[in-house]
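Here are the chains, one letter per residue:
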Amino acid sequence: MPQTGAAKPSSLLHKQIPIVTRSVKGKFRNFKTAVMVVAYSIYFLLPWMPWQRNSAADQAVMFDLESRRFFIFDLIVYPQDIFWLAMLLFIAAALLFFTTGLIGRAWCGYFCFQTLWSDLFILIERMIQGERPARLRLMKQPLGAEKILKIGGSHALMILVSLWTAITFAAYFSYAPDFVIALFTGHAVEAAYITVGVLTLTTYFAAGVIREHVCTLACPYARFQGVMYEADTLAVSYDSKRGEGLKGRTLPIIGLKTRDERQEKGHGDCIDCGFCVQVCPTGIDIRDGLQYQCISCGLCIDACNNIMDSVGYPRGLIRYDSEKNLSSDQPKPARLEWKRVKVIGYATALLIAAGILLYNIGTRNDTDVSVQQVRQPLFIMLSDGSYRNRYQVHIVNKTELDARYHLSVRGIPASSLDLGSLKEVRVRAGKSLIMNAKVDLERTIAQQTEKFEFVVTSSNPDTAPVVVPANFNSQR
Amino acid sequence: MSQDNNTNTTKTTGHVWDNDLQELDNPLPRWWIWGFYITFLFTIVYWLFYPAWPIGNNYTKGVPGLNSITYTATQPNGEQVEKTTHWNMRSKFMVEMNELQEAQKKWFDKVAAMPFEDVQKDAELMQFVNSVGKTMFTDNCAPCHQQGAQGKIGFSPNLADDHWQYGGTYQNIEETIVAGRNGYMPPFKEVLQDEQITQLANYVLEMSGEPHDAEASKAGAALFRSETAACFYCHGENAQGKIQMGSANLTDKIWLWADIPGSKTDAAKLAEVKRVITGGLNRGVMPAWSGRLSPAQIKLLTVYVHDSLGGGK
Ligand code: SF4
Ligand code: SF4
């Protein structure tokens, strides 16, 4: 069987046979489709979800760069919470390592944006241009109305999807309904047009034009996932012992149709139909063994199982299995080997990081206060010999309501705090304010005081007072 | 994979070293060649829009009118003129400065329209005063008064403490900035004996709670109020200074001219005070800022000195 469609090694400098995949039915395909439906529903609908808010637009998830707040349902994230982002990235990395160590490139095959959008665009191609043979025929056809219409049409649709993908992305950064209207009436900000333009082009280019090359040439994760594989890792594998037998795979010609006949003559179960190659989105032949191009999408498993069913051989010639099990003399049914140092290590790191993040989010105070002492000069002597220190008190109101804040001191006489004629300050919802505070201490008290505390009390009864330590300097 | 690297058909330059080292003669990739040509086109476009080639003491300025830049400049006499030139970085900077002034204008206007006391009560406006005042203070005042307004003994007063020779109210401070100040104390070396100066110095030290000779100080106190030395004319009967003339308060712990905090021994302290009385002062000069800063800027700076630096009364 000619292997049209199988890719040559990736290279930008050489012309390559385009990959035209065949569609397939099966449980991995169903799973992929399910992930796609869920992921797309979330991505495309989330910006449109309303949420009651006091100090910003009523949008459930909005990354408001202008007011420097990220709204995620009832959680509001401030720039001071950047630590959470670091934690989140760490968790993502640990999760990636954990799953890869266990079941290989599950991220690549089922969840990665590149895979999801490529899958969608392949679906578009199939809907407009037809199944693989029809598409191959169309490609060979001389340029004509049908070819232009079908190929042009599918690319036009891909560009439209890319455009909506880009608009959706940008809609996360402002109030979506207003934004989309502004975008189409030409009133959106310049940055919005640039973002939408760049994302439309890159989405179309990555998922519609270069497709698997992103995985094989550009993606850093694809490059280092190899280190996370172990002999026990489950990966999409071709059981070559069973498939090849002693004399190799062969077509089911007369005399080699049943399993018994084949085994008698030394041939394996692979009937060399090439379906596993035709369905592969990266255009490789899984029968050549584990390859860096394989994104572990499982479609070849579905393809092969369907063929096995139709010729009446047992399923699982291509399956999720470990290198160790496959090379053993008596392969057992594949199972998840999680009792390994690396896997348990990744899981522990994952749990610890997630715990820290959740604890941090749960215990965050709605008032953020930092006190900076004016250091130039550290202290000032006043005419009666007492000492003055100056501070800048930075108060962040992390609630959704304007609040008044009262500043007081602890550990030194209350009267030593001088705020001018300001008794309280109002800080708007989600905003911050810097206050000047002076502390004057009599010479003897000053010389005994090294530390004291600022106490910031909010007018909002739900917010606990914040106590911030401060230093007092004088000539000792 | 190997079929792509079929070296038998690869073109070489024909040079061979050591019998087997050959130089391949592959064409450059097409994308590279095109990128190279595009850079040529780019330079031509660039010359049309931007200053490029040096010619003698001059340079090409791009096609006139294609990429010009307009900004408003303030002449030394305060007049505002609009200028249009070919594109250049300096003008670009001016444009950005214009934009900055435009952006700050509404805050300056707000400060200018408010009584001093109310500015301080508006915490948000004070944030603007803090940040803009800090820059203005650094640019104009810090060379003498130091970055943190702590001053320098023997040179410039501390603006963060509570002592104000010329008064520490908003009005006093504004007046000081607008018109400047000129501090003066006559030298007493011709008028008084060295012993008398020692007595006066002891008295000055006593008033500030520094170590002193009680006997000499007593004589100094009398001398202070006598017509011979006539210190009280300027410093006042109670030696607390007079705001109208900017004479120092000699009874507090703050020293501007005699470096008492920096003197380690009692003798050194005495010598410092004596040095000031003997030689007098004519260095207490603060320049006037009325011509250099706009009234709105001066007002903002006044609030900054009074409230942000925190010494105001
Ligand atoms: S290789 Fe990279 S881009 Fe491709 S599916 Fe995997 S993660 Fe996504
Ligand atoms: S070899 Fe199989 S699992 Fe790997 S990418 Fe191709 S179809 Fe997917």
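Residues numbered from 1 in each chain as written. Chains lettered and ligands numbered in written order. Predicted model: local features only at pLDDT ≥ 70, side-chain atom pairs only at ≥ 80, totals over all residues. Heavy atoms only, no water.

S.K.: Explain the packing of aromatic side chains to me, please; I cannot follow it from the model alone.
M.R.: Each aromatic ring pair is characterised by the separation of its centres together with the angle its planes make. Summed over all chains, the structure comprises 38 aromatic pairs over all chains. For the ring pair Tyr43(A) and Phe44(A), a centre distance of 5.0 Å and an interplane angle of 80 degrees mean the geometry is edge-to-face. Owing to a relative accessible area of 16%, Phe44(A) belongs among the buried residues under this scheme. Relative to Phe36(B), the ring of Trp32(B) lies with its centre 5.5 Å away and its plane at 20 degrees, an arrangement referred to as stacked. Here Trp32(B) pairs with Phe36(B), and both are found in helix 1 (residues 30-49), just 4 residues apart, close to one helical turn. Here the aromatic residues Tyr40(A), Tyr43(A), Phe44(A), Phe63(A), Phe70(A), Trp117(A), Phe169(A), Tyr172(A) and Phe173(A) are joined through ring pairs into a cluster of three or more. Its guanidinium or amino end placed over the ring of Trp289(B), Arg292(B) lies 4.6 Å from that ring's centre, counting from NZ or CZ. (Phe/Tyr/Trp six-rings, centres within 6.5 Å; stacked < 30°, edge-to-face > 60°. Buried < 20%, exposed > 50% of the residue type's maximum accessible area, 1.4 Å probe, protein only. Helix = DSSP H or I, 4+ residues; strand = E, 2+ residues; numbered from the N terminus. Lys NZ or Arg CZ within 6 Å of the ring centre and 35° of its normal.)

S.K.: Before we go on, may I ask you to explain the confidence of the model for chain A in this structure?
M.R.: Low pLDDT marks regions whose predicted coordinates should not be analysed in detail. Per-residue confidence for chain A gives a mean pLDDT of 91; residues scoring 70 or more make up 96%. For the stretch residues 1-14 of chain A, pLDDT sits under 50, and the model shows 31 contacts to residues farther than four places along the chain or on other chains. (pLDDT = per-residue confidence, 0-100. Contact = heavy atoms within 4.5 Å.)

S.K.: Which parts of the structure should I look at to understand the sheet that holds strand 3 (residues 75-77) of chain A?
M.R.: By definition, the strands of a sheet pair up through backbone hydrogen bonds, in either a parallel or an antiparallel sense. Residue and element names in this part refer to chain A. Taken in spatial order, the 3 strands line up as 1-2-3 in an open sheet, and their pairing is antiparallel. The strands lining the two open edges of the sheet, one partner per strand, are strand 1 (61-64) and strand 3. With direction set aside, neighbouring strand axes in the sheet form an average angle of 15 degrees. Bridging between strand 1 and strand 2 (residues 69-72) involves 4 bridges; their strand directions are antiparallel. The residue of strand 2 that forms the bridge with Asp64 is Arg69. (Pairing = 2+ DSSP bridges. Axes fitted to C-alpha atoms, helices over the stretch in contact; angles between N-to-C directions.)

S.K.: When you look at the nonpolar core in this model, what are you seeing that I'm missing?
M.R.: Soluble globular proteins tend to pack their nonpolar side chains together in the buried interior. All names here are of chain A. Of all hydrophobic cores here, the largest spans 35 residues; its most connected members are Val236, Ile286, Cys300, Ile318 and Tyr320. Within the residue set of this core, elements represented by two or more residues are helix 3 (106-111), strand 4 (234-238), helix 13 (275-278), helix 14 (299-311) and strand 5 (318-322). Counting residues per element, this core draws most heavily on helix 14, at 7 residues. Of the domains in this structure, domain 1 (17-48 + 104-227) and domain 2 (234-327) are the two that each give at least three residues to this core. Sequence-distant contacts of Val236, that is, excluding residues within four places in its chain, are made with Ile286, Ser296, Gly298, Cys300, Ile301, Ile318, Arg319 and Tyr320. (Core = buried A, V, L, I, M, F, W, Y, C linked by side-chain atoms within 4.5 Å. Domains from an automatic or database assignment.)

S.K.: Can you walk me through the site of ligand 1 in this structure?
M.R.: All names here are of chain A. Surveying the vicinity of ligand 1 reveals the residues Arg105, Trp107, Cys108, Cys112, Gln114, Thr115, Cys215, Cys219, Tyr221, Ala222 and Ile295. Broken down by secondary-structure element, the contributors of at least two residues to the shell around ligand 1 are helix 3, helix 4 (113-129) and helix 10 (220-224). Looking at the shell around ligand 1 residue by residue, the class counts come to 8 nonpolar, 2 polar and 1 charged. (Near = heavy atom within 4 Å. Nonpolar A, V, L, I, M, F, W, Y, C, P; charged D, E, K, R; others polar.)

S.K.: Any chance you could explain the sheet that holds strand 14 (residues 466-471) of chain A here in plain terms?
M.R.: Residues and elements named next belong to chain A. The sheet built from 4 strands is open, its strands ordered 11-9-13-14 with antiparallel pairing. Because the sheet does not close on itself, it has two edges, and the strands there are strand 11 (424-427) and strand 14. Pairs of neighbouring strands in the sheet enclose a mean axial angle of 30 degrees, with direction left out of account. Across 6 bridges, strand 9 (residues 403-410) lies against strand 13 (residues 451-458) in antiparallel orientation. Of the residues in strand 13, the one forming a bridge with His406 is Thr457.

S.K.: Hey, could you run me through the environment of Gln150(B) in this one?
M.R.: Along the polypeptide, Gln150(B) turns up in the loop between helix 4 (123-145) and helix 5 (170-179). Classification of Gln150(B) as partly exposed rests on a relative accessible area of 25%. C-alpha separation for the pair Gln150(B) and Trp255(B), spaced 105 residues apart in sequence, amounts to 12 Å. Excluding anything up to four places from it in sequence, Gln150(B) contacts Gln376(A), Pro377(A), His145(B) and Asn158(B). Among the polar contacts listed, one links the side chain of Gln150(B) to the backbone nitrogen of Gly148(B), at a separation of 3.0 Å. (Polar contact = N/O pair within 3.5 Å; in protein donor to acceptor, adjacent residues only side chain to side chain.)

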